[in-house]
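Architecture at a glance
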Amino acid sequence: MSFLNINNVTKSYGSIEVLHQINVSVEEGEFLVLVGPSGCGKSTLLYMIAGLEDITSGDISINNRIVNGVHPSNRNIAMVFQSYALYPNMTVGQNITFGLEMHGVPAPEREKAMNDVAKLLQIEQLLGRKPWQLSGGQRQRVAMGRALVRNPDVFLFDEPLSNLDAKLRVNMRTEIKKLHEKLKKTIVYVTHDQIEAMTLSTRIAVMYQGYVQQLGTPKEIYDTPANLFVATFMGSPAMNILPAKVVVQDNRPHASVATSEGNTVLLPFSQANLAAWQGKDILLGIRPEAITDLDGADRKSSNIVNLQNRVDVTEPSGSDTFVTMTLADRDTIARMRADVSVAAGDVFDFAVNMDKAVVFDPETEERITEG
Amino acid sequence: MSSAQTQSVRTGRVTRSFIYLFLLVSALFYLLPFFIMLLNSVKPLGEITGGNMMAMPEVFTLEAWKAAWSTAQVGVEPTGLRPYFWNSIKMVVPAVFISTILGALNGYVLTKWRFKYDTILFGLMLFSCFIPFQIVLIPMARILGIVGLSGSTYGLILVHVVYGVGFSTLYFRNYYAAFPTELVRAAQIDGAGFFQIFYRILLPSSGPIIVVCVIWQFTNIWNDFLFGASFASGSGAPMTVALNNLVQSSTGVKEYNVHFAGAILAALPTLLVYIVAGRYFVRGLMAGSVKG
C-alpha cells in the first residue's frame with residue numbers, strides 16, 4: 001500500500017456527484033500535481049485529503065492509516081492556502097507556531113522549531129512583523145513556514161502561486177521545487193496552471209468534470225495524452241488537432257490532410273497499427289514544436305515530412321516565432337526558431353515531425369494506442 | 001479593501017461651498033438646542049423665569065447641576081439622579097456585553113459553521129429588530145414574572161439582551177461573511193477548536209464591528225424609556241425614567257435649570273461612549289491576511 005492512497009473516492013453534494021470513483025496512490029516523497037480547469041473537482045479532492053470536506057464514499061489513507069472522519073488536525077498534514085490564510089492579528093512568529101501551540105508543544109521547542117524553519121526559508125528578520133507588513137512573496141514564505149514547522153506526513157498546496165505576479169511566480173516555483181528536492185516530503189499540489197504542473201511534479205493527475213483523465217509522469221502526460229482533453233489542456237500553445245483520414249499507401253498508413261492551397265498531403269504515420277483504420281476519420285494531434293522550418297527539424301527523428309503551406313500570421317515572442325497556418329481547415333500553430341525568415345502570406349516549407357504525432361478516435365476522443 | 005478609504009470623489013469649488021454651507025447649517029440646527037440647555041443649566045432659576053432663555057448667564061452657578069445630581073426631588077425622595085445613574089450603568093454594561101458576545105458567536109456560527117436552514121434562522125432573528133417594543137410588553141411582563149425577575153435590574157438586562165441580540169447578530173454576521181473562511185480552515189488544520197478559533201482568530205480581528213455594535217447597543221439601551229418604565233419600579237428605575245420623574249414632580253416651582261442639567265447628565269454617557277469608542281472606529285484591520 002502506498003503512502004497516500006485515494007481509493008474509489010466519490011463526492012456528492014445532495015444528488016449531484018462531483019467526483020467520480022477517484023483512484024490515486026502517491027508514494028512517499030512524490031510530488032503529485034492535480035491539474036485541471038476550474039470546477040473540475042481538484043480543490044475538492046485536496047480538501048477531502050485535508051479533512052475539510054467529507055468523503056461521500058471510498059476511503060483515503062495516509063501512512064497506512066485510514067483517515068476518513070479523522071479531524072484535519074490529527075491527519076498529520078499541513079496545508080498552504082491560495083490566499084496564504086495568515087492570521088492577521090498575529091506576528092509571523094506566532095503564525096508559524098500557532099499549530100504547535102494548539103498541539104500542546106512546549107514553548108522552548110516551539111521556539112526552536114520556529115527558528116529552524118525561519119532559517120530554512122530565510123525569513124528570520126520577519127518573525128516580529130504582522131502579515132500586512134509583508135510583500136506577496138514574503139507571505140508565501142511564511143505560509144510555507146507554517147506548514148513546514150509541523151513536520152507533516154503530507155503537504156497540501158492549494159494554488160499557492162496564483163496570487164503572485166508573473167515573475168515572482170516563476171521564482172517561487174523554483175523555490176518550491178528546491179525545497180521538495182531538499183526535504184523529500186510527499187506533496188499534493190493543486191493548480192490550474194499546466195506549466196506549474198509540468199515543471200514541479202513527479203507525477204500529474206489531469207482532472208476534468210470530476211474524473212481523473214490521466215495519471216502519469218509529466219513526460220507521459222505531454223507525449224502520450226490519454227485523450228483529447230488532456231492533449232489540448234496540457235501544453236501552450238495547445239496541441240494542434242486536425243481532422244484527417246487514414247490512407248494506406250506503399251503498405252504504410254498515412255494521414256490525408258487538406259492544405260491551404262487546396263492540395264491534399266499524405267503524412268506517413270510512425271505507428272504501423274493505424275493501417276487497421278484505413279479509410280476512417282481520425283483526429284491527428286501535433287504539438288506546435290513538432291512543426292518547424294526545415295533547418296529547425298529534430299535531427300533524431302526518423303519521420304520528418306515536408307509540407308508546403310501558406311503562412312497566415314507570424315508572432316515573434318523573442319525566444320520563438322509562432323507561425324499560424326491553415327491545415328485541414330483549422331488554425332495550426334508551428335513553433336520555430338526566433339530568427340527564422342518567414343512572413344505572412346508566404347508559401348513556406350514546413351517540416352512536420354510525425355514521430356511526435358498522436359492520433360485520437362473522433363468518436364470516443366480517446367488516443368489510439370500503438371500495438 | 002485598503003484602496004477604498006483613500007478614494008473620494010473630486011468636486012468643484014462651488015459644489016464644495018454648498019456642501020460646507022449645508023453641513024454648517026445642519027450642525028447649528030442640532031447644536032443650538034444643546035447650547036440653550038447648557039446655557040440655562042448654569043443660570044440661577046430667577047434668570048430663566050424672569051428673563052430671556054437665549055441670554056447669556058449674568059451669574060454663573062453650578063448649583064443646578066449639583067441639585068440634579070444629588071438633591072433634587074425624584075418622585076418622592078430627594079435623592080437627585082445619582083442612584084438612578086448607577087442603576088442604568090448596572091443595566092447597560094452587562095446588557096451591552098452579553099448581547100455583543102452573543103451576537104459575535106451567532107455571526108461566527110451563521111457564517112463559518114453553516115448548517116441546514118441557517119439563513120431561515122437568521123431571518124427569524126432579524127425579526128426582533130423590527131418588532132415594535134409595545135407589542136411585547138405584556139408577554140414580556142408575564143415571562144419576567146414567571147422567571148421571577150420582574151421589577152429587577154436583572155429583568156431589564158434580560159429584556160435588553162433579547163432585544164439587542166437581533167441587531168448584534170446582524171452586524172457580526174455581515175462582518176464575518178467577509179472574513180476569509182480559509183483562515184478558519186487553516187486554524188482547523190492547526191488544531192484549534194470551535195472556541196479557540198473564535199477568540200484567537202476572529203475576535204481579535206473584529207475591532208471595528210465590536211465598536212459599532214457597542215455604540216449602537218449602548219445608545220439604545222441607555223436611552224430606552226419604555227422597558228425601564230414598564231419593568232423597573234421605584235428605586236430600581238433607570239436614568240431615563242428618573243429624569244421623567246424629576247421633571248414631572250408636581251410640588252413647588254418648576255426648576256428649569258435643574259431639569260436642563262438633569263437632561264444633559266442623562267445624555268452624557270452616550271456622548272462619551274461615542275467620543276471615546278469612535279476613535280477606534282477604524283477600518284483596515286484585516287489588511288494583509290489575504291491579498292485583496
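Residue indices follow the written sequence of each chain, beginning from 1 at its first position. Whichever chain is written first becomes A and whichever ligand is written first becomes 1, with later ones labelled in order. Given that this is a predicted model, residues contribute local features only at a pLDDT of at least 70 and side-chain atom pairs are listed and counted only at 80 or more, while totals for whole chains, interfaces and linings are drawn from all residues. To obtain the side-chain values, all non-hydrogen atoms of the structure were included, while hydrogens and water were left out.

**Focus: the packing of helix 6 (residues 133–147) of chain B against helix 7 (residues 153–177) of chain B**
Residue and element names in this part refer to chain B. For helices, the fitted axis covers only the stretch in contact; all axes are lines through C-alpha atoms, and the angles between them, taken along N-to-C directions, range from 0 to 180 degrees. By definition, any uninterrupted DSSP run of H or I lasting at least four residues is a helix, any uninterrupted run of E lasting at least two residues is a strand, and each is numbered from the N terminus. The interhelical angle for the contact between helix 6 and helix 7, taken along N-to-C directions, is 135 degrees, at an axis separation of 12 Å. Considered as vectors, helix 6 and helix 7 are oriented oblique to each other. Taken as a pair, helix 6 and helix 7 cross one another with a handedness that is right-handed. On helix 7, the residues that touch Phe 133, Val 136, Met 140 and Leu 144 of helix 6 are Gly 155, Leu 158, Val 159 and Tyr 163. Angles are sorted into four bins: roughly parallel if under 35 degrees, roughly antiparallel if over 145, roughly perpendicular if 65 to 115, and oblique for all others. Handedness of each helix crossing follows the sense of rotation of the near helix against the far helix: counterclockwise by less than a right angle gives left-handed, clockwise gives right-handed. Here, two residues are considered to be in contact whenever any of their heavy atoms come within 4.5 Å of each other.

**Brief notes about the sheet that holds strand 20 (residues 358–360) of chain A**
Residues and elements named next belong to chain A. In space, the 5 strands of this open sheet follow the order 13-12-11-14-20, with antiparallel pairing throughout. Sheet topology places strand 13 (264–268) and strand 20 at the edges, where each strand pairs with a single neighbour. Each strand axis lies, on average, 45 degrees off the axis of its neighbour in the sheet, ignoring direction. Relative to strand 13, strand 12 (residues 252–258) is paired through 5 bridges, and the arrangement is antiparallel. Paired with His 254 across the strands is Pro 268, a residue of strand 13. Following DSSP output, two strands are said to pair if at least two bridges run between them.

**Focus on the pairing of strand 12 of chain A**
Within a regular strand, the side chains alternate between the two sheet faces. Residue and element names in this part refer to chain A. Counting buried positions along strand 12 yields 5 of 7 residues, so the element is predominantly enclosed. Of the pairings in the sheet, the one linking strand 11 (residues 240–249) to strand 12 comprises 5 bridges and is antiparallel in character. Across the sheet, residue Val 247 finds its bridge partner in strand 12, namely His 254. Hairpin connection between strand 11 and strand 12: a loop of 2 residues separates the two successive antiparallel strands, and Asp 250 in this loop has a positive phi of roughly 50 degrees. If you look at the hairpin formed by strand 12 and strand 13, you'll find 5 residues sitting between the two strands, and Gly 262 has a positive phi there, around 85 degrees. For each residue, the accessible area found with a 1.4 Å probe, counting protein chains only, is set against the maximum for its type, and the residue is called buried under 20%, exposed over 50%, and partly exposed in between.

**As for the pattern of salt bridges**
Salt bridges are defined as contacts in which a side-chain nitrogen from Lys or Arg sits within 4 Å of a carboxyl oxygen from Asp or Glu. For the structure shown, the criterion picks out 15 salt bridges over all chains. The salt bridge involving Glu 101 of chain A is made with Arg 200 of chain B; its shortest N-O contact spans 2.9 Å. Linking Glu 101 of chain A in helix 2 (residues 92–102) with Arg 200 of chain B in helix 9 (residues 194–202), this pair reaches from one chain into another. By relative accessible area, Glu 101 of chain A is classed as partly exposed at 29%. On the basis of relative accessibility, which here comes to 23%, the residue Arg 200 of chain B falls in the partly exposed class. Put simply, Asp 293 of chain A and Arg 337 of chain A hold a salt bridge, and the shortest N to O gap is 2.5 Å. With Asp 293 of chain A in strand 15 (residues 291–293) and Arg 337 of chain A in strand 18 (residues 330–337), the pair connects residues that are 44 residues apart, well separated along the chain. Connected via shared salt-bridge partners are Asp 293, Arg 337 and Asp 339 of chain A.

**Regarding the domain arrangement of chain A**
Residues and elements named next belong to chain A. Each assigned domain of chain A is listed with its residue range as follows: domain 1 (4–233) and domain 2 (240–360). The straight-line distance from the C-alpha centre of domain 1 to that of domain 2 is 39 Å. Here domain 1 and domain 2 share an interface that buries about 650 Å² over both sides, 59% of which is from carbon and sulfur atoms. Area buried by domain 1 at its contact with domain 2 is led by Tyr 222, Leu 228 and Ala 231, which between them contribute 64% of it. The interface formed by domain 1 and domain 2 contains 0 salt bridges. Contacts described as polar in this section are N or O atom pairs within 3.5 Å, which, within protein, must combine one atom able to donate a hydrogen with one able to accept it, while residues neighboring in sequence count only if both atoms come from side chains. Joining domain 1 to domain 2, the criterion identifies 2 residue pairs in polar contact (both at pLDDT 80 or more). Broken down by secondary-structure element, the contributors of at least two residues to the side of domain 1 that touches domain 2 are helix 7 (218–223) and helix 8 (228–233). For this classification, the nonpolar set comprises Ala, Val, Leu, Ile, Met, Phe, Trp, Tyr, Cys and Pro, the charged set comprises Asp, Glu, Lys and Arg, and every other residue, Gly included, is treated as polar. Of the residues belonging to the side of domain 1 that touches domain 2, the class tally is 5 nonpolar, 2 polar and 1 charged. Just so you know, the domain bounds were taken from an automatic or database domain assignment. Two parts placed together each lose some accessible area under a 1.4 Å probe, and the buried area is that loss summed for both.

**Points about the packing of aromatic side chains**
The aromatic pairing rule takes the rings of Phe, Tyr and Trp, using the six-membered ring of Trp, and pairs them if the centres are within 6.5 Å, calling planes under 30 degrees apart stacked, those over 60 edge-to-face and the rest tilted. Evaluated as defined, the whole model comprises 27 aromatic pairs over all chains. Summarising the aromatic geometry, the rings of Phe 29 of chain B and Tyr 30 of chain B are spaced 5.6 Å apart at their centres and angled 85 degrees between planes, so their arrangement reads as edge-to-face. Each of the two residues, Phe 29 of chain B as well as Tyr 30 of chain B, counts as exposed. Where Phe 194 of chain B meets Phe 195 of chain B, the ring centres are 4.9 Å apart and the plane angle is 85 degrees; that geometry is what we call edge-to-face. Overall, Phe 194 of chain B belongs to the partly exposed group, its relative accessible area being 29%. Chaining the aromatic ring pairs together yields one cluster made of Trp 69, Phe 85, Trp 86, Phe 218 and Trp 222 of chain B. Whether a charge sits over a ring depends on NZ of Lys or CZ of Arg being within 6 Å of the ring centre and within 35 degrees of the ring normal. In this structure, Arg 287 of chain A is placed above the aromatic ring of Tyr 222 of chain A, and the distance from its NZ or CZ to the ring centre is 3.9 Å.

**Re the interface of chain B and chain A**
At the interface, 22 residues of chain B touch 32 residues of chain A. When chain B packs against chain A, close to 2,300 Å² is buried across both sides, 57% of that on carbon and sulfur atoms. Together, Glu 182, Ile 189 and Asp 190 of chain B form the three largest contributors to the area buried by chain B at its contact with chain A, with a combined 31%. Where chain B packs against chain A, one counts 2 salt bridges. For Arg 150 of chain A, the salt bridge goes to Asp 190 of chain B, with nearest N and O atoms at 3.5 Å. Scanning the region where chain B abuts chain A turns up 8 residue pairs in polar contact (both at pLDDT 80 or more). Going through the elements one at a time, helix 8 (181–190) and helix 9 of chain B are the ones with two or more residues in the side of chain B that touches chain A. Ranked by residue count, the leading element in the side of chain B that touches chain A is helix 8 of chain B, at 8 residues. Taken together, the residues that form the side of chain B that touches chain A break down as 11 nonpolar, 6 polar and 5 charged.

**Some details on the packing of helix 2 of chain A against helix 4 (residues 136–148) of chain A**
Residue and element names in this part refer to chain A. At their nearest, the axes of helix 2 and helix 4 sit 8 Å apart, and the two run at 30 degrees to each other. Judged by the inter-axis angle, helix 2 sits roughly parallel to helix 4. Considering only the axes of helix 2 and helix 4, their crossing is right-handed. Contacts from Val 92, Asn 95 and Ile 96 in helix 2 reach Val 142, Gly 145 and Arg 146 in helix 4.

**Brief notes about the sheet that holds strand 1 (residues 4–13) of chain A**
Residue and element names in this part refer to chain A. The strand order across the open sheet formed by 4 strands is 2-1-4-5, and the pairing between neighbours is antiparallel. Every other strand in the sheet has two partners, leaving strand 2 (16–26) and strand 5 (65–66) as the edge strands with one partner each. Examined bridge by bridge, strand 1 and strand 4 (residues 57–62) share 5 bridges and lie antiparallel to one another. Note on strand 4: the bridge partner recorded for Asn 7 is Asp 59. In the packing of helix 1 (residues 42–50) onto the sheet, contacts are made with strand 1, strand 2 and strand 4, and the angle to strand 1 comes to roughly 115 degrees.

**Description of the nonpolar core**
By size, the foremost hydrophobic cluster in this structure holds 58 residues, and its most contacted members are Ile 60, Met 79, Leu 156 and Val 188 of chain A together with Tyr 176, Ile 201 and Leu 202 of chain B. No other element matches the 6 residues that helix 1 of chain A contributes to this core. Excluding residues within four positions of it along the chain, Ile 60 of chain A makes contact with Leu 4, Asn 5, Ile 6, Val 9, Met 48, Ile 49, Ile 55, Arg 65, Ile 66, Val 67 and Asn 68 of chain A. Nonpolar cores are built from buried Ala, Val, Leu, Ile, Met, Phe, Trp, Tyr and Cys residues. Side-chain atoms within 4.5 Å join them into one set. In this structure, Val 74, Phe 85, Leu 246 and Val 258 of chain B belong to the second largest nonpolar core, which totals 44 residues.

**Regarding the domain arrangement of chain B**
Residue and element names in this part refer to chain B. Per the domain assignment, the segments of chain B are domain 1 (13–70) and domain 2 (82–287). Contacts between domain 1 and domain 2 engage 16 residues on the former and 14 residues on the latter. Of the roughly 1,400 Å² buried between domain 1 and domain 2 on both sides combined, carbon and sulfur atoms contribute 85%. By the criterion of area lost to domain 2, the three top residues of domain 1 are Met 37, Leu 45 and Trp 69, representing 43% of everything that side buries. At the boundary of domain 1 and domain 2, one finds 0 salt bridges. Put simply, domain 1 and domain 2 have 2 residue pairs in polar contact (both at pLDDT 80 or more) between them. Every element with two or more residues in the side of domain 1 that touches domain 2 is listed here: helix 1 (13–41), helix 2 (45–50) and helix 3 (63–71). No other element matches the 6 residues that helix 3 contributes to the side of domain 1 that touches domain 2.

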